[in-house]
Amino acid sequence: MYLDRTYRPRRRRWSWLNLWPLYLLAVIAIILYEQQPAWLAPQEPTPTPIPTRPAIAFIADATRARAVGDYNVAMAAFEQAAILEPDNVEALMALSEIELMLDNAPSSLDYAQRAANVAPQNPRALVTLARAFNWNDDNESALSYALDALELLPEDATTLAVIGEIYTDEGLWTTAENYLMQALEKEPRNILALRNLAYFYELRRDYDEAIGYMEQAIDAAPLRFDFHIQLGRMYRVGKLNYEKANEAYAAAVRVYESPMTLTAQGDGLYFIGDHLQAVRVLRKAVEIDPDYGPALATLGMALYARRNYEDAAPNLEKGVRLLGDRARIEHLYTAGLAYINQEPRDCERAIPLLLKSLEIDQSARPALQGLATCGVSAPDVD
């Protein structure tokens, strides 16, 4: 076969069209870059949710806070535990006890009833409810629940002490003393037995015995601010020892600075005539709680003593309104007199306060004099 030696294969001609796949990829890349789809854009990391703390953790915090006298933190933590677990008996009982320490008997009863509803066979819940009823002047209910608690937990010192307190308020002295002494025999350092024995002897006007037991209670529980206040009352009322009384009130404030403790201290200072210092202390109490009736009323009295009638009148009037039936006659007529003594005289606001004080004592001379100043006749005496 003949071969043409001059043949050369044809070379393929190169063209830009051969690169069309690369052009296509470039266009796609540009479109993706411009559009920035969510899956291509850099994403912020999603934070991991913080787990909710369990109620037991709040109870642990509250217990530690109460052990060092930080009652604000303790109450807040116990309340949080009760929110997380509405049937948490420990939190409810603790809140009931602290409310009694703060002299908030209705709130204490509310917490105690919730605890007893959750655990009707828990003797500690029942005795907590018994004491709350006692402080709300329902001794029939108090004794019923206390005896139920004692049946479930015989010879319990705290329950015996509560029964003794109930009988003390009923004036059954022999029975009360018997239960209180039983409680002390079972548990010599039981703070409720010691406190209630002090209360028993205070009502019997045996102030030496009362102070002795109260000091033992404070030695056993030095961070119970309410015990310091009660000791101050015993020194002031029973022994007329105002220096010791004010030392006790100051100790209460050192333990727990609150409207209650500051009011006790301010009242003690007012009583001995240190009106300037009383005003300073009581203003601090009102700053903490502008609606704490006892602080407002006592502050008004101290301001009146300093002849600051313009400030005394509104503080006294608000304090009287917040105290309600607990307002003392001197709060009422002093509020009226403050309105009369200020410039200009305000008889319109003074008269209702003066008349209200006469509902308590129709012969109250300051109220009668105030009405006469305003040109109003005293109401007829039945």
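Analysis parameters
- Residues numbered from 1 in each chain as written.
- Predicted model: local features only at pLDDT ≥ 70, side-chain atom pairs only at ≥ 80, totals over all residues.
- Heavy atoms only, no water.
- Helix = DSSP H or I, 4+ residues; strand = E, 2+ residues; numbered from the N terminus.
- Buried < 20%, exposed > 50% of the residue type's maximum accessible area, 1.4 Å probe, protein only.
- Expected span 1.5 Å × (residues − 1).
- Arc of directions from axis to C-beta.
- Contact = heavy atoms within 4.5 Å.
- Axes fitted to C-alpha atoms, helices over the stretch in contact; angles between N-to-C directions.
- Parallel < 35°, antiparallel > 145°, perpendicular 65-115°, else oblique.
- Left-handed = near helix turned anticlockwise from the far one by under 90°.
- Disulfide = S-S within 2.5 Å.
- Phe/Tyr/Trp six-rings, centres within 6.5 Å; stacked < 30°, edge-to-face > 60°.
- Lys NZ or Arg CZ within 6 Å of the ring centre and 35° of its normal.
- Nonpolar A, V, L, I, M, F, W, Y, C, P; charged D, E, K, R; others polar.
- Core = buried A, V, L, I, M, F, W, Y, C linked by side-chain atoms within 4.5 Å.
- Salt bridge = Lys/Arg side-chain N within 4 Å of Asp/Glu carboxyl O.

Engineer: Sorry if this is basic, but what is going on with unusual backbone geometry here?
Structural biologist: Phi is mostly negative for residues that are not glycine, and the peptide bonds are mostly trans. The peptide bond linking glutamate 343 to proline 344 adopts the cis configuration, its omega dihedral lying at -5°. Tracing the sequence through the fold places proline 344 in the loop between α18 (329-341) and α19 (347-360). Of note, aspartate 137 is a non-glycine position whose phi angle comes to about 65°, a positive value. Accessibility expressed as a relative area gives 71% for aspartate 137, which makes it exposed.

Engineer: Would you explain helix α3 (residues 71-84) in this entry?
Structural biologist: Since the α-helix advances by 3.6 residues per turn, residues separated by three or four positions end up pointing in the same direction. Taking 1.5 Å per residue, 14 residues should reach 20 Å; α3 reaches 20 Å between its end C-alpha atoms and fits that length. Of all the residues in α3, the buried ones are Tyr71, Ala74, Met75, Ala77, Phe78, Ala81 and Ala82. Angular distribution of buried residues about the axis of α3 spans 165°; they occupy a single face of the element. Residues of α3 that are buried in the fold lie against α2 (55-67), α4 (89-101), α5 (105-118) and α12 (225-238).

Engineer: Just checking my understanding: could you explain the packing of α18 against α19 for this structure?
Structural biologist: Packed helix pairs are characterised by how far apart their axes lie and by the angle those axes make with each other. One can describe the packing of α18 onto α19 by two numbers: an axis separation of 8 Å at closest approach and a directional angle of 155°. By the angle between their axes, α18 is roughly antiparallel relative to α19. In the packing of α18 onto α19, the handedness of the crossing is left-handed. Taking contact as the criterion, the partners of Ile329, Leu332, Tyr333, Ala335, Gly336, Leu337, Tyr339 and Ile340 in α18 are, on α19, Arg349, Ala350, Leu353, Leu354, Lys356, Ser357 and Ile360.

Engineer: I tried to follow the state of the cysteines on my own but got confused; where do I start?
Structural biologist: Among covalent bonds in proteins, the disulfide is the one between the sulfur atoms of two cysteines. Applying the stated rule across the entire model yields one disulfide. Linked covalently through their sulfurs, cysteine 347 and cysteine 374 form a disulfide whose S-S length is 2.1 Å. Handedness of the cysteine 347-cysteine 374 disulfide follows from its S-S torsion of about -85°: it is left-handed. Here cysteine 347, found in helix α19, pairs with cysteine 374, found in the segment after α20 (365-373); they are 27 residues apart in sequence, far enough to count as distant. Grouping residues by exposure puts cysteine 347 and cysteine 374 together as buried.

Engineer: In this structure, what is going on with the packing of aromatic side chains? I would like to understand it.
Structural biologist: How two aromatic rings sit relative to each other is set out by the distance from centre to centre and by the angle between their planes. The final tally for this structure, using the stated rule, is 10 aromatic pairs. Seen in terms of ring centroids, tryptophan 173 and phenylalanine 200 are 5.8 Å apart; in terms of plane orientation they differ by 70°. Their pairing is edge-to-face. Here phenylalanine 200 lies in helix α10 (residues 191-203) and tryptophan 173 lies in helix α9 (residues 173-186), a separation of 27 residues in the sequence. Note on phenylalanine 200: relative accessible area 1%, which makes it buried. Taking NZ or CZ as reference, arginine 195 lies 4.9 Å from the ring centre of tyrosine 199, over its face. Here the guanidinium or amino end of arginine 236 rests over the ring plane of phenylalanine 271, the centre of that ring lying 4.2 Å away.

Engineer: Is there a simple way to think about the packing of helix α14 (residues 259-271) against helix α16 (residues 293-305) in this case?
Structural biologist: As a packed pair, α14 and α16 sit with axes 10 Å apart at the nearest point and diverge in direction by 25°. One element, α14, and the other, α16, form an angle in the roughly parallel class. As for how α14 packs across α16, the hand of that crossing is left-handed. Mapping the contact onto sequence places Thr263, Asp267 and Tyr270 in α14 and Pro294, Ala295, Thr298, Met301, Ala302 and Ala305 in α16. Each residue belonging to the contact of α14 with α16 can be placed in one class, and the counts come to six nonpolar, two polar and one charged.

Engineer: Sorry, what's going on with the nonpolar core here?
Structural biologist: Most often, soluble globular proteins have nonpolar side chains that are buried together. Among the nonpolar cores identified, the biggest contains 118 residues, and Phe78 and Phe225 are the most heavily contacted of them. The contacts of phenylalanine 225, once residues within four sequence positions are left out, are Tyr71, Met101, Leu102, Ala252, Val255, Tyr256, Met260 and Thr261.

Engineer: Where do I start with α19 in this structure?
Structural biologist: Its 14 residues give α19 an end-to-end C-alpha distance of 20 Å, which sits within 8% of 20 Å, the value for a rise of 1.5 Å per residue. Within the span of α19, buried status applies to Cys347, Ala350, Leu353, Leu354, Ser357 and Leu358. Down the axis of α19, the buried set is contained in an arc of 145°. They therefore lie on one face. Looking at α19, the residues exposed on the side facing more than 90 degrees away from the buried face are Glu348 and Glu359. Residues of α19 that are buried make contact with α17 (309-323), α18 and α20.

Engineer: Looking at this structure, how should I read the pattern of salt bridges?
Structural biologist: Here the structure, examined in full by the defined rule, presents 17 salt bridges. Residues aspartate 226 and arginine 224 are paired through a salt bridge, measuring 2.8 Å at the closest nitrogen-oxygen approach. Assigned by exposure class, aspartate 226 and arginine 224 land together as buried. Salt-bridge contacts for arginine 328 lead to glutamate 330; the nearest nitrogen and oxygen are separated by 2.6 Å. Looking at arginine 328, the relative accessible area reads 41%, which means it is partly exposed. Glutamate 330 gets classed as partly exposed once you look at its relative accessible area, which sits at 23%. Each of Arg66, Glu97, Arg224 and Asp226 takes part in a single network of salt bridges with overlapping partners.

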